[in-house]
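# Descriptive structure summary
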Amino acid sequence: MKFIVSSSYLQKHLQLLGGVINNNNTLPILDNFLLELVGNKLKVSASDMETTIVSKLDVESEDDGSIALPAKLLLDTLKTFPEQPLTFHSVDNMMIVSHDKGKSEIACAAAEEFPKSVSISDPSSTSIMGDTLATAINKTIFAAGNDDLRPVMSGVFFQFASDSLTFVATDAHKLVRYKREDLSASQTAEFIMPKKPLNLLKAMLQGSESEVLVEYNESNAQFSFDSTTIICRLIDGKYPNYEAVIPKENPNKLTISRTQFLNSVRRVSIFSNKTTHQIRLKMAGAELNISAEDLDYSNKADERLTCDYQGDDMQIGFNSRFLIEMLNNLTCDDVSLEMSLPNRAGILTPVDGLDEGENVTMLVMPVMLNQ
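Residues numbered from 1 in each chain as written. Predicted model: local features only at pLDDT ≥ 70, side-chain atom pairs only at ≥ 80, totals over all residues. Heavy atoms only, no water.

Turning to the packing of aromatic side chains, a few remarks are in order. Across all of its chains, the model carries 12 aromatic pairs by this definition. Both rings, one in Phe 3 and one in Phe 88, keep their centres 4.9 Å apart while their planes meet at 5°; by these two values the pair is stacked. On the criterion of sequence distance, the pair formed by Phe 3 in strand E1 (residues 2-6) and Phe 88 in strand E6 (residues 85-91) is long-range, its members being 85 residues apart. Classification of Phe 3 by relative accessible area gives buried; the value is 1%. Here Phe 88 falls in the buried class, since its relative accessible area comes to 1%. Their ring planes at 55° and their centres at 5.9 Å tell us that Phe 158 and Phe 160 sit as a pair that is tilted. Overall, Phe 158 belongs to the buried group, its relative accessible area being 1%. Ring pairs connect the aromatic residues Phe 158, Phe 160, Phe 167, Tyr 178, Phe 191, Tyr 216 and Phe 223, which therefore count as one cluster. (Phe/Tyr/Trp six-rings, centres within 6.5 Å; stacked < 30°, edge-to-face > 60°. Helix = DSSP H or I, 4+ residues; strand = E, 2+ residues; numbered from the N terminus. Buried < 20%, exposed > 50% of the residue type's maximum accessible area, 1.4 Å probe, protein only.)

Turning to the side chain of Lys 174, a few remarks are in order. Looking at the element boundaries, Lys 174 is found in strand E12 (residues 174-180). For Lys 174, the side chain forms a polar contact with the side chain of Glu 325, separated by 3.5 Å. Not counting residues within four places of it along the chain, the set of residues in contact with Lys 174 comprises Phe 142, Ala 143, Ala 169, Phe 322, Glu 325, Met 326 and Leu 363. (Polar contact = N/O pair within 3.5 Å; in protein donor to acceptor, adjacent residues only side chain to side chain. Contact = heavy atoms within 4.5 Å.)

Turning next to the sheet that holds strand E4 (residues 51-58). Across the sheet, 8 strands lie side by side as E5-E2-E3-E4-E16-E15-E14-E9; this open sheet has antiparallel pairing. The open sheet has two edge strands, strand E5 (64-70) and strand E9 (124-129), and neither has a second partner. With direction set aside, neighbouring strand axes in the sheet form an average angle of 15°. Pairing of strand E3 (residues 41-47) with E4 involves 7 bridges; the strand directions are antiparallel. (Pairing = 2+ DSSP bridges. Axes fitted to C-alpha atoms, helices over the stretch in contact; angles between N-to-C directions.)

Moving on: helix H4 (residues 195-205). What H4 keeps buried is the set Pro 197, Leu 198, Leu 200, Leu 201, Lys 202, Met 204 and Leu 205. Two residues or fewer after H4 comes Gly 207, characterised by a positive phi angle close to 70°.

Next up on the list: the packing of helix H1 (residues 7-18) against helix H2 (residues 71-79). Relative orientation and spacing of two packed helices are given, respectively, by the angle between their axes and the distance between those axes. It is the contact of H1 with H2, at a shortest axis distance of 10 Å, that shows an interaxial angle of 140°. With respect to H2, the element H1 is oriented oblique. Note on packing geometry: the crossing formed by H1 with H2 is left-handed. On the side of H1, the interface is formed by Ser 7, Leu 10, Gln 11, Leu 14, Gln 15 and Gly 18, while H2 contributes Leu 74, Leu 75, Leu 78 and Lys 79. Along the lines of polarity and charge, the residues of the contact of H1 with H2 split into 5 nonpolar, 4 polar and 1 charged. (Parallel < 35°, antiparallel > 145°, perpendicular 65-115°, else oblique. Left-handed = near helix turned anticlockwise from the far one by under 90°. Nonpolar A, V, L, I, M, F, W, Y, C, P; charged D, E, K, R; others polar.)

In structure tokens, the structure reads:
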């Protein structure tokens, strides 16, 4: 097989595909890109058995053929080229890459060894704009857990309905629900997406104007956009009933500038205990007092902020890392924190900066305060 392609165009596509390849694969063939050429279309695949990415590239060629090329070697080589045409020509089990300064030879593997990608039988489907999907992933993925004993919580829960699309992630300490009431699916469906393909999707779809076709069945999901397709295995299991943990009655409501609150929590948390990261919020009238104390080292800090607070005077403790993560993830000017009791979860929501039909709810579990 022989084809000519621009070096930067090829590098840009392979860079994204390379993200799926693990550093230590059990099957050596998975260290390769699979190249399949049909006329002037080159199909490149990369896989880790759980997730497969396929990209179609335009090249100059009239040949057909397929071969597997070492991914790291190819990417490292492409990074060194300024923009120029490269000629790829395979002879036996070698790939010769020619350019204006010379050529290099890469040992290849047989294309037949590469695992066949899954085809989704009898899928349900829905379409969603690329930047909307990237936002949904971005707003939720940071809250997903890392506990191997609870695999269902290590992914993002997709809940498609005829009146909305909902994305949820939780690790039992914090929970984020991102809902779009301006979007809908043709039939209701629920599935749990693993983190790795979502991170790859997020990188590819940032600021994208393209429409993404999402197809899914019981065990796999496929995302198709532009000339790229990502197919991945879903996490098996039933997602916990997250609606049940979101407290409905929250009479105590604090509204405050997000950046002011975030900066203050950041500063005070430096003085908190290094294992609990505990900070104390004390609300009374129009004043919020944020404090932290590390008894082991006799360090402490407290700050006063003006805020809009309606409700009974109360004190509640939070893990500052969770609070910082959540406030960082919001893009609004003001946030509202709703609470009922010091031992019930606090609900953080943006007051402004949302699109029509967009809804973000973040829940953070309190920590016990030592009086």
